[in-house]
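Working through the structure, step by step
One letter stands for each residue in the lines below.
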Amino acid sequence: MKIGLLDALGEKMRWHQARQTLLAENVANADTPGYRGRDLKAVGFEEHMQSLSTVKIATVATQPGHIAVSSSDADRFGARTMNSFEITPEGNGITLEDEMMKVAGNQMDYQAITALYTRSVKLLKTALGRQA
């Protein structure tokens, strides 16, 4: 049985995990010449509801020699190259201070979502007569 609230919270947690991966890549490549940072498009309620469509399309390798196509969560959530207004002499568009602020904000948001998820599960257990 699917519960809409828990599904939405779980999807938001996956979004924050994928964003954390991209932000970590940005921080790791802060000194890489020519590297352009990536970030995820903010996900909203409407996009979440559209993603619940029953139609799913997937690629399939029909021959053993074919290359399997896989995507990461970052690609699933619409990873995009950031518009960098500040470019270093090496051609890098990453500002380490900005990326660390994004990492801290993402971590706080993730913790808030996990707290909501935990409380929702406890509330359901209480409603079912089980100990929370």
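Quick note: structure is the one above.
As the structure is a computational prediction, the values presented were derived from the model and not from experiment.

**Observations concerning the overall build of the protein**
- Within the protein one finds 4 helices and 2 strands.
- Per-residue burial over the protein gives 23% buried out of 132 residues.
- Long-range pairs, those at least 24 residues apart, make up 78% of the contacts in the protein between residues at least 6 apart in sequence.
- As presented, the protein carries roughly 9,700 Å² of accessible surface, and 57% of it is formed by carbon and sulfur atoms.

**With respect to a nonpolar patch on the surface**
- A contiguous nonpolar patch, built from I3, L5 and L124 and spanning about 230 Å² of accessible area, is present on the exposed surface.
- Note on placement: L5 falls in helix 1 (residues 4-28).
- On the accessibility criterion, L5 (51% relative accessible area) is exposed.

**Some thoughts on the environment of S120**
- Relative to the helices and strands, S120 is located in helix 4 (residues 96-127).
- Overall, the relative accessible area of 14% leaves S120 in the buried class.
- When the C-alpha positions of S120 and L9 are compared, they lie 9.7 Å apart, and in sequence the two are 111 residues distant.
- Leave out the neighbours within four places in its chain, and S120 touches L5, L6 and L9.

**Description of the packing of helix 1 against helix 4**
- Contact geometry of helix 1 with helix 4 gives a least axis separation of 9 Å together with a crossing angle of 160 degrees. With respect to helix 4, the element helix 1 is oriented roughly antiparallel. In terms of crossing hand, the pair formed by helix 1 and helix 4 is left-handed.
- Here the residues of the contact of helix 1 with helix 4 are counted per class, giving 16 nonpolar, 9 polar and 5 charged.

**Some thoughts on helix 1**
- Its 25 residues place the ends of helix 1 36 Å apart at the C-alpha level, agreeing with the 36 Å of an ideal helix rising 1.5 Å per residue.
- Along helix 1, the positions that sit buried rather than exposed are L6, L9, G10, E11, M13, W15, H16, A18, R19, L22, L23 and N26.

**A look at the side chain of N106**
- In this fold, N106 is placed in helix 4.
- Side chain to side chain, N106 and Q20 meet in a polar contact 2.8 Å long.
- If we ignore the near neighbours within four places in the chain, the residues touching N106 are W15, H16, R19, Q20 and L23.

**Some words on the packing of aromatic side chains**
- Within this structure, the stated rule accounts for 0 aromatic pairs.
- A cation over an aromatic ring shows up here: K12 above the ring of W15, its NZ or CZ 4.5 Å from the ring centre.

**Here we look at the environment of L6**
- Its place among the elements puts L6 in helix 1.
- For L6, a relative accessible area of 13% puts it in the buried group.
- Setting aside its immediate chain neighbours within four residues, L6 contacts Y117, S120, V121 and L124.

Calculation criteria
- Residues numbered from 1 in each chain as written.
- Predicted model: local features only at pLDDT ≥ 70, side-chain atom pairs only at ≥ 80, totals over all residues.
- Heavy atoms only, no water.
- Helix = DSSP H or I, 4+ residues; strand = E, 2+ residues; numbered from the N terminus.
- Buried < 20%, exposed > 50% of the residue type's maximum accessible area, 1.4 Å probe, protein only.
- Contact = heavy atoms within 4.5 Å.
- Areas by Shrake-Rupley, 256 points an atom, 1.4 Å probe, with all protein chains shown as cover.
- Patch = residues over 30% accessible without salt bridge, like charges linked within 9 Å, V, L, I, M, F, W, Y side chains within 5 Å.
- Salt bridge = Lys/Arg side-chain N within 4 Å of Asp/Glu carboxyl O.
- Axes fitted to C-alpha atoms, helices over the stretch in contact; angles between N-to-C directions.
- Parallel < 35°, antiparallel > 145°, perpendicular 65-115°, else oblique.
- Left-handed = near helix turned anticlockwise from the far one by under 90°.
- Nonpolar A, V, L, I, M, F, W, Y, C, P; charged D, E, K, R; others polar.
- Expected span 1.5 Å × (residues − 1).
- Polar contact = N/O pair within 3.5 Å; in protein donor to acceptor, adjacent residues only side chain to side chain.
- Phe/Tyr/Trp six-rings, centres within 6.5 Å; stacked < 30°, edge-to-face > 60°.
- Lys NZ or Arg CZ within 6 Å of the ring centre and 35° of its normal.

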